[in-house]
Structures are given as C-alpha cells and as structure tokens.
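Here's the letter readout for the chains.
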Amino acid sequence: ISNYHLFVVRHPKRDALLKHLNERGVMADIHYPVAGHLQPALGARRGRAGQFPVSEKAVGEVLSLPLFPELSSAQIARVAAALRSFPGT
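Report follows, based on the coordinates. Numbers given to residues run from 1 along each chain, matching the order in which its sequence is written. Under the rules for a predicted model, residues below a pLDDT of 70 receive no local features and side-chain atom pairs below 80 are neither given nor counted, while totals for whole chains, interfaces and linings still include all residues. Working from all heavy atoms in the structure, the side-chain values ignore hydrogens and water.

Scanning the protein for helices and strands turns up three helices and two strands. Shown N-terminal to C-terminal, the secondary structure of the protein runs as helices and strands in the order β-α-α-β-α. The C-alpha radius of gyration computed for the protein amounts to 15 Å, which surpasses the reference 12 Å derived for 89 residues by more than 25%, pointing to a less compact arrangement than a globule. For the protein, the spread of C-alpha atoms along the principal axes amounts to about 50 × 35 × 20 Å. Relative accessible area decides the class of each residue, using a 1.4 Å probe on protein chains only: under 20% of the type maximum gives buried, over 50% gives exposed, and in between gives partly exposed. Among the 89 residues that make up the protein, the fraction classed as buried is 25%. The long-range share in the protein, meaning contacts at least 24 apart out of those at least 6 apart in sequence, stands at 67%. Computed by Shrake-Rupley with a 1.4 Å probe, the accessible areas treat only the displayed protein chains as cover when residues are assessed. For the protein, the accessible surface area stands at approximately 6400 Å², while carbon and sulfur atoms represent 60% of it. Segments assigned H or I by DSSP are reported as helices when at least four residues long, segments assigned E as strands when at least two residues long, and all are numbered from the N terminus. We take the radius of gyration over the C-alpha atoms and set the globule estimate at 2.2 Å times the residue count to the 0.38 power. Pairs of residues are marked as contacts when any of their non-hydrogen atoms sit within 4.5 Å.

See below:
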C-alpha cells in the first residue's frame with residue numbers, strides 16, 4: 001500500500017500540456033489552482049497577489065499525472081509516451 005496520492009510535475013506551458021495529455025486519454029489534472037497564501041479560506045489572514053511571486057508562478061505551471069496503486073506498466077508507458085510527444089520536450 002502506498003501513501004502517495006499525487007505525482008506533480010511542472011512545465012512552463014502547463015495548460016497546453018494538460019490539453020495534450022487529456023486529448024490522448026491521459027487524465028492529468030490541476031489540483032492546486034490557487035497559491036496557498038491566496039486561498040479564500042484564510043479570510044483576513046489571506047496574503048496579497050505578488051507577495052510570493054515564486055509560489056504564484058509555480059501554481060500556473062504544476063499539474064498532476066495519474067498515480068494510483070493499480071496503475072499498470074502499460075498505462076505508465078502510455079503516460080510517458082504522451083509526455084514525450086508534447087512539442088518541445
């Protein structure tokens with residue numbers, strides 16, 4: 001049993017990569033669309049945009065690849081092939 005639940009990668013063209021993967025049947029997703037310091041749940045303690053620029057940049061570049069215990073070798077190869085076929089990689 002694994003406690004891993006996300007396989008997060010970072011790419012400067014995240015949205016295009018996500019579209020590319022999804023079009024090839026790879027169900028990648030964006031799990032953290034808002035930087036931690038900008039989360040509405042923080043209420044009055046919420047930070048301001050631009051306060052942590054590295055974090056804000058990363059939020060626009062990260063996506064999660066499929067990861068679950070039953071992921072087969074063939075499925076892993078399919079994800080890898082879809083990643084390799086992305087233009088510029």
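Turning our eyes to something else, we now look at the pattern of salt bridges. In what follows, salt bridge is the name for a side-chain nitrogen of Lys or Arg lying within 4 Å of a carboxyl oxygen of Asp or Glu. Tallied over the full model, the rule gives five salt bridges. Linking Lys 19 and Glu 23 is a salt bridge whose minimum nitrogen-to-oxygen distance equals 3.3 Å. Placement of both Lys 19 and Glu 23 in helix H1 (residues 14–23) is noted, with a separation of four residues, approximately one turn of the helix. In terms of burial, Lys 19 and Glu 23 fall into one category: exposed. In this structure, the salt-bridge partner of Glu 61 is Lys 57, at a minimum N-O distance of 3.8 Å. For Glu 61, a relative accessible area of 11% translates into the label buried. A relative accessible area of 53% means that Lys 57 is categorised as exposed. By sharing partners, the salt bridges in this structure join Arg 10, Lys 57 and Glu 61 into a single network.

Those residues of H1 that fall on the buried side of the exposure criterion are Arg 14, Leu 17, Leu 18, His 20 and Leu 21. Seen from one end, H1 has its buried residues packed into an arc of 160 degrees, which puts them on one side. Opposite the packed face of H1, turned more than 90 degrees from it, sit the exposed residues Asp 15, Lys 19 and Glu 23. Tucked inside the fold, the buried residues of H1 contact helix H2 (53–59), strand E2 (62–65) and helix H3 (73–84). Positive phi appears at Gly 25, one or two residues downstream of H1, with a value of about 80 degrees. Directions drawn from the helix axis to the C-beta atoms are what define this arc.

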